[in-house]
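# Inside the fold
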Amino acid sequence: MTDVTVLDKRTEGEDLTKEVLLNLGPQHPSTHGVLRVLLKMQGEDIVDVDTIIGYLHRGTEKLAEGFTYTQIIPLTDRLDYLCQPSNNLAFVRGVEQLCGIEAPERAQYIRVLLAELSRISGHLLISGALPMDLGAMTTLLYTMREREMIMDLLEMATGARMNVSFCRVGGIREDLPAGFDAKAREFCKIFLQRIDDYERLVGENRMFLKRTEGVGVITGPEAIDWGLSGPCLRASGVDWDIRRDEPYEIYDRLEFDVIVRESGDCFDRWKCRMEEMRVSVSLMLQCLDQMPHGPVMVDAPEIAFPPDKKQVKSSMETLIHHFQLSAYGFKVPKGEVYAAIEAPKGELGFYIISDGSEKPFRMKVRAPSFVNLQSLNVIAKRCYLADVIAMIGSLDPVLAEVDK
Amino acid sequence: MAIGLQSILDLLDERVQSAVVESHDPLGMPTLVIDAERIVDVCRYLRDTPALGFDFLCDLCGVDFHPQTPRFEVVYHLYSIAHKHRLRLKCKLVEGTKIPSVTQVWNTANWHERETYDMYGIVFADHPDLRRIYMWEEFEGWPMRKDFPLRGYKDQYNPFGEEGSPPEST
């Protein structure tokens, strides 16, 4: 006969549990990087949460004050390392606004193409990592397969799988190679089928739904108050997308839907990303269709490298021009700018103050993951320990961006 | 669509307008310099007035202008989701003075202000939880200040730093 005294005591209101401080330490497979969460728990219920970050702080902003603007571009790569062309784009746009120049059309199309490709790459990782954290380990390996295809495309275009540093102030580093168009279209065709597969594999799985639906609900006004942006905000019913509301580059020529979902729980945030990947594929195809021919770097000798690299070895003036730009950089007029784009994680903004020299006076990175992660302190208080993992996964923090 | 600087100034009532020290719009972004003590009132007004509706605090950061005085500047970037316009607020601070925290207006300011405190040593009065966020608790010095060396100071954790120690923080 089972001893029911335990249950009896519980109904009398006596606490069987005592408060425990649990350290979800910086080294943990489910924290998506070096994130430390201190959980004060009463049994399985979370009473209080303290998120501790800073384990990956590398002083990007301090370093940027000593680098020329082109030298900062690789620093921006290392912010959200899953979608690097986007970070490059955000920074380079800020500097271009300060200089008062605009990249040529073809360069803008290529930048948007790579930004959307990187959006798919970033969303793929978290779409696979969230189920893996909850126990469904298969999904991650399938999404990695697609990410490999994306990295092949990036390697073809930029020369590097990661850390691409492809955008430059005034354009991009070099034009796309022949054959990129065909390979990109082939990827889009295959990938659309694969998204359906993932949605069937995980999105209709009862265990996944049980663990994510109704968990970590953030209402719309709460989300705005806590500064959430990107898929996390749109999953809570707030219709805001910088690509549509403040179009930058050539987004005003592209047609796309903004995915907004209503409940604001973990499942909606995951589903928002899945559907955004479809939108990104459509944007990529539109870019490939509309891409004009033309130069990929602005015609401004004080900012752009000489267009013909071979001339550097034969012409003295070209050599001096090249040396001057690579050794000393170019001067940016005095001013300040806040340039924001819709990065995969949310609003990525760069606040750059220039004092007229080749190096910025101040560069502040508004990292979307930093702000999104803050809401963990709020939503984690309403759940059990197992739900915290689902919440961290659905908020999609990339610690390199959180810690700069 | 972008609201001009003049439209924003026209929508401010007299009480708030008296807190505005100067206004300009570099590169088309309306910027108001606000008296640091009145920042919470101004922010609450900007958030609650329907025509302005700045319900989203994008960014809050500090800037160090050493050796000029006032040394610091706290910069707020606001966005209105309904009206789709942006605004920048600045507060100039003399070293050692405190600035009220705007966490009561937008909760998101919490971590932003912690980061500004950690990097610059700017103290936000009435902040619910002002402590370091990136650096560890026992760290001394304010890393983003212009007089703090890039490699830090030499101590038990940092053999590559410069000799010396950070100046006494105010």
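Residues numbered from 1 in each chain as written. Chains lettered and ligands numbered in written order. Predicted model: local features only at pLDDT ≥ 70, side-chain atom pairs only at ≥ 80, totals over all residues.

### Points about the sheet that holds strand 1 (residues 20-24) of chain B
Residues and elements named next belong to chain B. We apply this condition: Pairing between two strands requires that DSSP report at least two bridges joining them. To qualify as a helix, a DSSP run of H or I must reach at least 4 residues; to qualify as a strand, a run of E must reach at least 2; elements of each kind are numbered from the N terminus. Under this scheme, a helix contributes an axis fitted over its contacting stretch, all axes are lines through C-alpha atoms, and angles between N-to-C directions fall in the 0 to 180 degree range.
The strand order across the open sheet built from five strands is 1-2-5-4-3, with neighbouring strands paired in mixed fashion. Each edge of the sheet is formed by a strand with only one pairing partner; in this case those strands are strand 1 and strand 3 (56-64). The mean angle between the axes of side-by-side strands here comes to 20°, regardless of whether they run parallel or antiparallel. As defined by bridge partners, strand 3 adjoins strand 4 (residues 72-80) across eight bridges and the pair is classed as antiparallel.

### Observations concerning the interface of chain B and chain A
Spelled out, the test is: C-beta atoms are placed from the backbone for every residue, and two residues are taken to be in contact when these atoms lie within 7 Å. Polar here means any residue other than Ala, Val, Leu, Ile, Met, Phe, Trp, Tyr, Cys and Pro, which are nonpolar, and Asp, Glu, Lys and Arg, which are charged; Gly is therefore polar.
Taken together, the contact pairs 26 residues of chain B with 32 residues of chain A. Counting only elements with at least two residues in the side of chain B that touches chain A, the list comes to strand 3, strand 4 and helix 4 (109-120) of chain B. Looking at the side of chain B that touches chain A, the element that brings in the most residues is strand 3 of chain B, giving six residues. Looking at the side of chain B that touches chain A residue by residue, the classes come out as 18 nonpolar, four polar and four charged.

### Regarding the packing of helix 5 (residues 105-133) of chain A against helix 17 (residues 385-395) of chain A
Residues and elements named next belong to chain A. Convention followed: Any angle that is under 35 degrees is reported as roughly parallel, and any over 145 degrees as roughly antiparallel; angles of 65 to 115 degrees are reported as roughly perpendicular and all others as oblique.
Where helix 5 contacts helix 17, the two axes come as close as 9 Å, and the packing angle between them is 175°. Put simply, helix 5 runs roughly antiparallel to helix 17. Of the residues in helix 17, those in contact with I126, A129, L130 and D133 of helix 5 are I389, G393 and S394. Among the residues making up the contact of helix 5 with helix 17, the classes are represented as four nonpolar, two polar and one charged.

### As for the domain arrangement of chain A
All names here are of chain A. Here is the rule we go by: For the purposes of this description, domain bounds are those given by an automatic or database domain assignment.
If you check the domain split of chain A, you get domain 1 (60-100 + 102-299 + 333-403) and domain 2 (300-332). Inter-centroid distance (C-alpha atoms) of domain 1 to domain 2 is 32 Å. In this complex, domain 1 contributes 17 residues to the contact, which on the side of domain 2 involves nine residues. Elements represented by at least two residues in the side of domain 1 that touches domain 2 include exactly helix 3 (69-77) and helix 4 (84-99). No other element matches helix 4, which puts three residues into the side of domain 1 that touches domain 2. Class assignment for the residues of the side of domain 1 that touches domain 2 results in eight nonpolar, seven polar and two charged.

### Focus on the environment of L192 of chain A
All names here are of chain A. Here is the rule: Note on burial: count the other C-beta atoms lying within 10 Å of the residue's C-beta; 20 or more is buried, 12 or fewer is exposed, in between is partly exposed, and C-beta positions come from the backbone.
With respect to the helices, strands and loops of the structure, L192 is situated in helix 7 (residues 180-201). Residue classification places L192 among the partly exposed residues on the basis of 14 C-beta atoms within 10 Å. Residues L192 and E146, spaced 46 residues apart in sequence, show a C-alpha to C-alpha distance of 11 Å. In contact with L192, not counting residues within four places along its chain, are R278 and V281.

### What to know about the nonpolar core
Put simply, the rule reads: What makes a nonpolar core is a set of buried Ala, Val, Leu, Ile, Met, Phe, Trp, Tyr and Cys residues, with links drawn between C-beta atoms within 7 Å.
Within the largest apolar cluster, 153 residues are counted, with the highest numbers of intra-cluster contacts made by V95 and M391 of chain A together with L78 of chain B. Take this core: its biggest share by element is 14 residues, from helix 5 of chain A. With residues near it in sequence (within four places) discarded, V95 of chain A still touches Y69, V169, V332 and I352 of chain A.

### A word on the pairing of strand 7 (residues 346-354) of chain A
All names here are of chain A. Burial analysis of strand 7 places nine of its nine residues in the buried class, the great majority of the element. As paired strands, strand 6 (residues 335-343) and strand 7 are joined by nine bridges and run antiparallel to one another. From the neighbouring strand, V337 faces strand 7, where its bridge partner is I352. Here strand 6 hands over to strand 7 after two residues, the two strands then running antiparallel side by side. As paired elements, strand 7 and strand 8 (residues 360-366) share six bridges and run antiparallel to each other. Bridge pairing in strand 8 links G349 to R366.

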